[in-house]
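# Observations on the three-dimensional arrangement
Listed here are the chains, written in short residue letters.
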Amino acid sequence: MPSTDSTYDVVVVGASLAGCATAIQLGRAGLRVALIEKQPDPQAYKRICSHFIQASGVPAIERLGLLESIEAAGGQRPRVHAWTRWGWVEAPPEQAARGINLRREVLDPLVRSTAAETPGVEMMLGWSAERLLREHGSFAGVAARNPDGEERELRARLTVGADGRDSRIAELSEVPVKTSPNARFAYGGYFEGAAPAHAPDASVWFLDPQWAAAFPTDTDLTFYAAMPTKERLPEFKRDPEGALVRFLADVPEAPPIREGRLVDSVMGKVDMTNRMRRPVAPGLALVGDAALAADPLFGVGCGWAFQSAEWLSDAVLPALAGEQPLERGLDRYRRRHAKELRGHTYFMHDYSKGRRMDLPERMMFAAGARDARSAAILDSFATRQIRPAQMLPRMVPRAIAVNARHALAR
Amino acid sequence: MSAQVQRSSLLAGGTRTRLVQAGPADATEALVFVHGNPGSADDWTRLVGAAGAAGHRAVAFDLPDFGETIAPDGFEHTPFGYAEFVAEALEELGIERVRLVLHDFGGPIGLIWAMAHPDALAGIVLIDTGVLPGYTWHTLAQIWRTPVLGELFQAITNRSGYRFALNRNEPRGLPREFVETMYDHYDRRTRRAVLKLYRATPDPGGMSENLIGLLAPRDIPALVIWGEGDAYLPSSYAAAQERAFPSADVHVLPASGHWPFADAPETVERLLVEFLARLGAPPR
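Rules behind the numbers
- Residues numbered from 1 in each chain as written.
- Chains lettered and ligands numbered in written order.
- Predicted model: local features only at pLDDT ≥ 70, side-chain atom pairs only at ≥ 80, totals over all residues.
- Helix = DSSP H or I, 4+ residues; strand = E, 2+ residues; numbered from the N terminus.
- Rg over C-alpha atoms; globule rule 2.2 N^0.38 Å.
- Expected span 1.5 Å × (residues − 1).
- Bend = angle between axes of the 7 residues up to and from the residue.
- Buried ≥ 20, exposed ≤ 12 C-beta atoms within 10 Å, placed from the backbone.
- Axes fitted to C-alpha atoms, helices over the stretch in contact; angles between N-to-C directions.
- Parallel < 35°, antiparallel > 145°, perpendicular 65-115°, else oblique.
- Left-handed = near helix turned anticlockwise from the far one by under 90°.
- Contact = placed C-beta atoms within 7 Å.
- Nonpolar A, V, L, I, M, F, W, Y, C, P; charged D, E, K, R; others polar.
- Pairing = 2+ DSSP bridges.
- Domains from an automatic or database assignment.
- pLDDT = per-residue confidence, 0-100.

## Points about the overall build of chain A
In terms of helices and strands, chain A carries twelve helices and 20 strands. At 22 Å, chain A has a C-alpha radius of gyration in line with the 22 Å of a compact globule built from 410 residues. Its C-alpha atoms put chain A at 75 × 45 × 40 Å along the principal axes.

This is the structure we're talking about:
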């Protein structure tokens, strides 16, 4: 139960991946953290999610001490094989980065129970943030309400919005937001008895502009996803399962989806508008999707949730320990967030217009299919281990050379 | 795997055409493949073999002045003239019940045949073709339809230009041999025939409403396959086929262009064989 003393160092709104990761790190550093979550059920989990965690997120998960329990729970450690019209882009196995696949149904409760057990973290399930508290021109916690109508003021030096793509905290704090449209929609579902080639590795198909993926996961299930452009929406709305199966079964080198059986139901998301918010305001920070809801096509959401939580904790800990003003810590977080993700976001959001690949993209993918070293560079980029500014100088000259050699050899 | 495909020839409509066939040769119900432009009986070898292996009679032939087949004197290079040729070939082959497989310009030709013989149509497979309500010709067709410009264009098209132009419009590119064979067949006769055929077809969508009115009530079993990256006949027409064939099984192949049977042969073969299995074995 929440204590009667309602003053904390930090109040985190949202006990999903980013919120729990933030609370765990700050709690372990000796801070008093209130972690509020509007879902009363500790087993609650995010339903509409590909659940793929890019390799970039793995170090943050390891640092939280969660990697072992994720693997013990059946989590897979996939590499990614990407189909393009030039062939498969596959980094040599020893160089390919490995992400994580574990269903959110298993992952979310696991992360949440770790947060709840962390000393200093007070988990308040069933509480939702109603409004932000302010003090001296700065945000200073939230007023929260439970389903019985009880309201409490949770005062804190730092308020963290970890409440997802439609963040209420972001809305209340009125941080600037930039949106860009996404021309695709997403449908997906779990299938048993339909493991794709390369399993347990993941396969994605860049059908240009359409997109499909197969993510083998725990308990021998495979999550199959399609992200077509919106012209294809009517057939998916009319018969979600039929359209999903047909779409995947018709891709080149198609996976055996038709031999499998759908478990549970097919999920769809039609509006995937990209949202980038300024991740800080006085006394407040946003993490995970609340800060940046990027195109799910690239599977970055879960990984970046863990990473942004890590960046925030590292940036604000000295301030919360009283060594420096909080503003400095928040500013450090804002700069880190921008540095790590802005370049990636620029490319992703441009591609989410639903356009065909442009010439540089075609050249890079073609080189990736024809040359192992190029594939390895693309793999580091796609798994978000390196930024565009690190990828392009290595990739562009190589892509030109590889494609020229290919053209001459014909 | 594919059964033995037999290559022979057939005397029909006053000419000798190349014939590719498989399956029981005496069956009166057959799968009949009609190629488009530029195309030939060779387009269908793999699918004819697959249908034959599945126990169905399957036939494909060159249309006059395509492939290696020469049109007889006085042949009418119009969709109606070609549809008449199909009717004569089927009579010659003793085929009474037809499951059509149509591609590209084979669509209008086959559908005109179907308008004249609706009771003989037992099923249909449409590959990047079909009823095209509201369709206006693609740029290349407009060039062919323009006097002088069309002739000029046909005269200057050479092998490498042909290869380049074709692949430029294809999302995955086409197999080299497929393009080479197509160009080998694209001789002066074919070039002239193409100009005549397109010039005789001012409104490719014109008959659509009539066809829909005639065919939709019959609810003929149909399979529609369309390459999403088709640069000539947009894949938005795939779903429109349900207006003429309400129970159609529609597949838009996301990585394919105008020739899915060339750039995604396994997928098209699988879809065709499954469609045939759903229809069941033809009566012998």
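Resuming the write-up.
## Examining helix α8 (residues 301-320) of chain A
Residues and elements named next belong to chain A. For α8, built from 20 residues, the straight-helix expectation of 28 Å at 1.5 Å per residue is met to within 8% by its first-to-last C-alpha distance of 27 Å. When the local axis directions of α8 are compared, the greatest deviation, roughly 25°, occurs at D314, which is followed within four positions by the proline P318. Most of α8 sits inside the fold, with 16 of its 20 residues counted as buried.

## Section: unusual backbone geometry
Between D208 of chain A and P209 of chain A the backbone carries a cis peptide bond, its omega angle lying at 10°. Within the secondary structure layout, P209 of chain A lies in the loop between β13 (202-206) and β14 (211-216). In the segment running from N37 of chain B into P38 of chain B, the intervening peptide bond is cis, with an omega of -15°. Within the element layout of this structure, P38 of chain B appears in the loop between β3 (29-34) and α1 (45-53). Phi is positive for T219 of chain A, close to 50°, though the residue is something other than glycine. Looking at the secondary structure, you find T219 of chain A in the loop between β14 and β15 (221-226). For E253 of chain A, which is not glycine, the phi dihedral falls at a positive 50°.

## With respect to the packing of helix α10 (residues 359-370) of chain A against helix α12 (residues 388-409) of chain A
All names here are of chain A. Contact geometry of α10 with α12 gives a least axis separation of 9 Å together with a crossing angle of 65°. In terms of axis orientation, α10 runs roughly perpendicular to α12. Between α10 and α12 lies a crossing whose hand is left-handed. Contacts from M363, M364, A366, A367 and R370 of α10 reach α12 at M395, R398, A399, I400, V402, N403 and H406. Looking at the contact of α10 with α12 residue by residue, the class counts come to eight nonpolar, two polar and two charged.

## Regarding the interface of chain A and chain B
With ten residues of chain A at the contact, the number on the chain B side is ten residues. A class-by-class count of the residues in the side of chain A that touches chain B yields four nonpolar, one polar and five charged.

## Remarks on the sheet that holds strand β16 (residues 261-269) of chain A
Residue and element names in this part refer to chain A. Reading across the sheet, the seven strands line up as β5-β4-β13-β14-β15-β12-β16 and stay open at both edges, with mixed pairing between neighbours. Each of the sheet's edge strands pairs with one partner strand only, and the pair in question is β5 (87-89) and β16. Neighbour-to-neighbour, the strand axes of the sheet open up by a mean angle of 15°, direction not taken into account. Both β13 and β14 contribute to a ladder of four bridges, which runs antiparallel. Bridge pairing in β14 links S203 to A214.

## Describing the domain arrangement of chain A
A common way to express how large an interface is: the accessible area buried when the components associate. Domain assignment breaks chain A into domain 1 (7-51 + 105-180 + 274-349), domain 2 (183-270) and domain 3 (359-409). The distance between the C-alpha centroids of domain 2 of chain A and domain 3 of chain A comes to 27 Å.

## What about the pairing of strand β4 (residues 80-84) of chain A?
Residues and elements named next belong to chain A. The element β4 is extensively covered by neighbouring structure, given that five of its five residues are classed as buried. Neither face of β4 is left uncovered, since the one carrying V80, A82 and T84 and the one carrying H81 and W83 both have all their residues buried. Across four bridges, β4 lies against β13 in parallel orientation. Pairing of V80 across the sheet is with A202, part of β13. Two strands pair when backbone bridges link them, and β4 and β5 are joined in this way by three bridges, in the antiparallel orientation. Among the inter-strand pairings, W83 is bridged to a residue of β5, identified as W88. Here β4 folds back onto β5, and the loop between the two strands holds two residues.

## Some details on the confidence of the model for chain B
The predicted model of chain B has a mean per-residue pLDDT of 94, with 98% of residues at 70 or higher. Scored by ipTM, the complex comes to 0.77, with pTM at 0.87.

## Here's the deal with the packing of α10 of chain A against helix α11 (residues 372-382) of chain A
Residues and elements named next belong to chain A. Taken N-terminus to C-terminus, the directions of α10 and α11 make an angle of 120°; their axes are 6 Å apart at the nearest point. On the basis of their axis angle, the class for α10 and α11 is oblique. Handedness of the α10/α11 crossing: left-handed. Contacts from M364, A367 and G368 in α10 reach S374, A375 and L378 in α11.

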